[in-house]
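Residues per chain, in single letters:
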Amino acid sequence: MALRKIVTKEDPVLRKISRKVEVFDKRLWDLLDDMKETLYKAEGAGLAAPQVGVLKRVVVIDVGDGYIELVNPEITEKSEEIQEEAEGCLSVPGEYGITRRPKWVIVKAQNREGKWVIYKGEDLKARCFCHELDHLDGTLYIDKVVRMLEPDEVE
Ligand code: NI
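Rules used in this analysis
Residues numbered from 1 in each chain as written. Predicted model: local features only at pLDDT ≥ 70, side-chain atom pairs only at ≥ 80, totals over all residues. Heavy atoms only, no water. 1 Å grid on protein atoms, 1.4 Å probe; cavity = no way out; pocket = protein on both sides within 12 Å on 5 of 7 lines; lining within 4 Å. Points joined across faces, edges and corners; volume = space filled by probe spheres on them. Helix = DSSP H or I, 4+ residues; strand = E, 2+ residues; numbered from the N terminus. Nonpolar A, V, L, I, M, F, W, Y, C, P; charged D, E, K, R; others polar. Donors = N, O, S within 2.8 Å, 3.2 Å for Na, K, Ca; no water. Buried < 20%, exposed > 50% of the residue type's maximum accessible area, 1.4 Å probe, protein only.

Draft legend 1. Seen up close, the layout of surface pockets. Considered as a void within the structure, the largest pocket measures approximately 520 Å³ in volume. Lining of the largest pocket is provided by 26 residues; of these, Ala86, Glu87, Gly88, Cys89 and Tyr96 occupy positions nearest its centre. When residues of the lining of the largest pocket are traced back to their parent elements, those giving at least two are strand 4 (82–89), strand 5 (92–102) and helix 2 (124–135). At six residues, the largest contribution of residues to the lining of the largest pocket is made by helix 2. Within the lining of the largest pocket, the residues separate by chemical class into twelve nonpolar, seven polar and seven charged.

What follows is the structure, encoded as structure tokens:
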């Protein structure tokens, strides 16, 4: 495993559409392993492949209830109920903003072997799923933020 460099918001790679993963080989597993190490080192809740400069539909997440890997993820269902909470991004260091996200979402994704798995996320996990999946389509949370937090609002 190796740490990868996390790119920041000015990098055009964050604005591109990531490609679907077709081959579930060692190269993908190395990417996932590196992303896992990079996520924990950065103490983030989630990391998407474009953030390490790789335009593949790959996401790793750990909001504190276990580590998961999402390959080719899609939101298949979401609540009408909305949550408004603070959100940050490893590619936008030191800043936080309030976003509107569904209260819960259902995500369908492949694991590293290519097997389809269904996940449900509520609250923080729903926000994280939405945030990371947005990265795969070149969207950052700062594009849809309700308002950015002032420095004295950040704990
Ligand atoms: Ni992010």
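Having seen it, we continue.
Draft legend 2. Geometry of the coordination of the nickel ion. Distances from the nickel ion to its protein donors, Cys89 (SG), His131 (NE2) and His135 (NE2), fall within 2.0 to 2.2 Å. Sequence spacing among the residues donating to the nickel ion works out to C-x41-H-x3-H. Within this pair, whereas Cys89 is found in strand 4, its partner His131 is found in helix 2, the two being separated by 42 residues in sequence. Its relative accessible area of 5% is what places His131 among the buried residues.

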